[in-house]
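# Notes for the structure review
Here is how the chains run, residue by residue.
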Amino acid sequence: MKLIETSMDQQVTVKGFTGGSNLVSKLYKLGIKEGVSVKIKKKSNICPILLEINGSTVAIGRGMAAKIIVEEEKE
Amino acid sequence: MNELILVGQPNSGKSTFFNALSGYKALTGNFPGATVSYQEGELNLFGRIYKIVDLPGTYSLIPQDRAELEAKKFLVKHKEARIIDIVDSSVLARSLELTIELIELQRPMVVALNMIDVAKRKGLQIDHQKLSTLLDIPCIPTSAKRGKGAIEVIRASNKNKVPEKSVTLKFQKDVEEVIKSLAKKVPENLEKKLSIPARTIAIRLIEEDKYYLDAIQREFDFLLNEAEKARKILEKKHDKDAKFVIAAERHNLAMEIFEQVTTFTGVKQTESLGEKIDDIVLHPLWGYIILIAVFYGLFSIIFNLGSHFENIIVSQFDSLSKLIESRVSDKIFSLILIGLSQGVGGALGIALPYIIPFLIGLAILEDTGYMARIAFLADSIMHKIGLHGKAVVSFVLGYGCSIPAVMAARNLENTRDRIITAALSVLIPCSARTVIIFGLVGFYIGKWYAISLYIVNVLVIGLIGRILTRIDKKVVPGLVLEIPEYHLPVVKNVLIKTWIRIKDFITVVLPLLIAGSIVMVFLEHYSIDSIINSGLKPLTVFILGLPEKVGTTLIFGIFKKELSLMMLFQAFGTDNLSKVMTHSQMFVYAVFTLFYIPCISTIPVLYRETGKKVTFYVITGTLLLATTLSILARFVGIILF
């Protein structure tokens, strides 16, 4: 599924990206890479999505969130 | 002299570290030919003098925009300098990736494990000695905010330790082999020219780092083909872009080191205070209400403080002008002196009382971490214009003064967004234009008419933004923004930040304000105003339907926006404008002054930030926009009044 389709408090693993390499580089810099586990901290219908990743908090615009493929982690 | 270059990721506390060392004497420098600035300071420690350069925060050394490219050039070219890598210990894993890139440069280096106290609070214990051994450079725990460890970092830099034996200098076997065979082809004279090891040049060429690609052009073109070959090998094997293969290598190394040097102690899984605050501050409803409340509070403080000091200071300069007039007999000399005193008085009395509290407020918003949250909240609204969240900072600043607003546009990643944001932010009614809106429309016509002007203004800006972003159609890159933890602002840090920005303001704006005021005094004295009035008649009388006398006031308004209202009283020689202007005329006049040409202090800043062409377009564009909207206002006026 896409990051934009997740719900709050879900723990997901980043699987890949559908955007260009510019977008991927931008995300990489903040540690959003394939195989990394992220937690959805906040999600609403208007604001960007707030992620927790390796101890830092990152906001991702909704357009970008539609280009990030994730998978839910089973506990 | 010993030169130290501070490098670190955004929010690593780098500027706090810099301020702790260099204090109030810091200067803002610009990279040659670019609008990117860095801070430079000096430190005298036990008789040794250090020059400290604070580069803009960056997540990686692979430049993605002009700012990062300039910062990188600076770093690579200063071969003799020692690198101080400021690391946010609370996000050590991610920060180490930049550290690994820096180690690849093989320059004398020290790692400052900053915000070590924040890491501890998160339950993260870092074995800095072990990290030191692994990276082969001194790693020193610091807390710049509390003034701890900074001096030790400087001392450690004296060792001039180059991380030759760092464990990070070796990637996975197959990747390393590809790099090595490319490195063998790097000619020795290139290595010397850049003074960067061949292995690092090879890695960077595989990553398509623009700096190195530019550096090898012409002379070493054959390397391009070799790098392309190496890339193909990696891509075939790993099934992704070669640069991401390398990025993954660094990521894995960073994670490995992170796991070796850290232990978690008593992790608190409960919600932290910051998270509780964010539940409200970033709430889709309460968040916006708080945002409005914060701005309302901030601006009412600024206006109250500002007007208080304005009255005191302006009256002092007024009496100084009168004194000059009565004492200095030589007319020309006296006029120059009066202009000088009015210019300085204008800067000290009208600009600074508003700008200083505004900049302090701004520094507090930044240092507490609220600014990033504003960008978060505004992202969806900004997308409607075709920009994204970070642009909102400029617009917010615009309500105070256009100058910091234009300067803040620097923070945006790409040139298009930067230019559009700077251009739009001058349309926002600054505090001076607020004086006109409330003093004219609010006072004579009604408060709601004044407020409606603000709403119309926002809509117009939105519309223009949409048009501009459509003209230069680029995919909106979208927001990716780290939301820092909340911090209590440190007084010293806020004051230094404010001081550096005021220095910037004074050097750019003050000379123009003085020159402008002297010109104004002469215009007045030789009554050139009637010539100007008749010259502007086609615009003022025929197109806008205003009295002829408003002509000069519009010229004065370019010098200082609020002057146009003050001069209106003078031009008509009355203290009740409703006797000489109809409501409709006042409305048209207010609309025109709201949108036309940015003030003479903003223009040079706009020029510096966006260049000649854009500045020209903004000046003509705003004039055209103001005229068009005023004609519309004239028709609306016929219906309303």
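Before going into details, it helps to say that this report is about the structure given with it.

### Brief notes about the side chain of B:R433
All names here are of chain B. In this fold, R433 is placed in helix α20 (residues 431-445). Reaching out from R433, the side chain makes a polar contact with the side chain of S402 at a distance of 3.1 Å. Other than its neighbours up to four places away in sequence, R433 contacts S402, V426, L427, I428, K561, T593 and L594.

### Re the pattern of salt bridges
All names here are of chain B. Across all of its chains, the model carries 32 salt bridges over all chains by this definition. Residue D54 is joined to K14 by a salt bridge in which the shortest nitrogen-to-oxygen separation is 2.6 Å. Within this pair, whereas D54 is found in strand β4 (residues 48-54), its partner K14 is found in helix α1 (residues 14-22), the two being separated by 40 residues in sequence. With respect to burial, D54 and K14 carry one shared label: buried. Residue R373 is joined to D278 by a salt bridge in which the shortest nitrogen-to-oxygen separation is 2.8 Å. On the criterion of sequence distance, the pair formed by R373 in helix α16 (residues 370-385) and D278 in helix α13 (residues 273-281) is long-range, its members being 95 residues apart. With a relative accessible area of 2%, R373 lands in the buried category. The network of salt bridges with shared partners includes K72, E101, E104, R204, E207, D209 and R250.

### As for the interface of chain A and chain B
Taken together, the 31 residues of chain A in the interface contact 34 residues of chain B. A buried area of about 2,800 Å², summed over both sides, lies between chain A and chain B, and 60% of it is on carbon and sulfur atoms. Contact with chain B buries area across many residues of chain A, yet A:K26, A:K29 and A:L30 alone supply 23% of it, more than any other trio. In this assembly, chain A and chain B are joined by 3 salt bridges. With its nearest N and O atoms 3.4 Å apart, the salt bridge here joins A:K41 to B:E275. Along the contact surface separating chain A from chain B lie 8 residue pairs in polar contact (both at pLDDT 80 or more). Sorting the residues of the side of chain A that touches chain B by element identifies α1 (21-29), β2 (37-42), β3 (49-53), β4 (56-60) and α2 (62-65) of chain A as the ones contributing at least two each. Sort the elements by how many residues they give to the side of chain A that touches chain B and α1(A) lands first, with 8 residues. The residue makeup of the side of chain A that touches chain B, split by class, is 13 nonpolar, 10 polar and 8 charged. Looking at chain direction, β4(A) and strand β10 (residues 480-483) of chain B are connected through 4 bridges and run antiparallel. Paired with A:I60 across the strands is B:V480, a residue of β10(B).

### Some words on the pairing of strand β1 (residues 2-8) of chain B
Residue and element names in this part refer to chain B. Counting buried positions over the 7 residues of β1 gives 7, a clear majority of the element. Covered by surrounding structure in β1 are N2, L4, L6 and G8 together with E3, I5 and V7, the residues of both alternating faces. Two elements, β1 and β4, share 5 bridges in a ladder whose sense is parallel. Bridging across to β4, I5 finds its partner in V53. As judged from the 5 bridges shared by β1 and strand β5 (residues 82-88), these two strands associate in the parallel manner. If you follow L4 over to β5, its bridge partner there is R82.

Definitions and cut-offs
- Residues numbered from 1 in each chain as written.
- Chains lettered and ligands numbered in written order.
- Predicted model: local features only at pLDDT ≥ 70, side-chain atom pairs only at ≥ 80, totals over all residues.
- Heavy atoms only, no water.
- Helix = DSSP H or I, 4+ residues; strand = E, 2+ residues; numbered from the N terminus.
- Polar contact = N/O pair within 3.5 Å; in protein donor to acceptor, adjacent residues only side chain to side chain.
- Contact = heavy atoms within 4.5 Å.
- Salt bridge = Lys/Arg side-chain N within 4 Å of Asp/Glu carboxyl O.
- Buried < 20%, exposed > 50% of the residue type's maximum accessible area, 1.4 Å probe, protein only.
- Buried area = accessible area lost by both parts, 1.4 Å probe.
- Nonpolar A, V, L, I, M, F, W, Y, C, P; charged D, E, K, R; others polar.
- Pairing = 2+ DSSP bridges.

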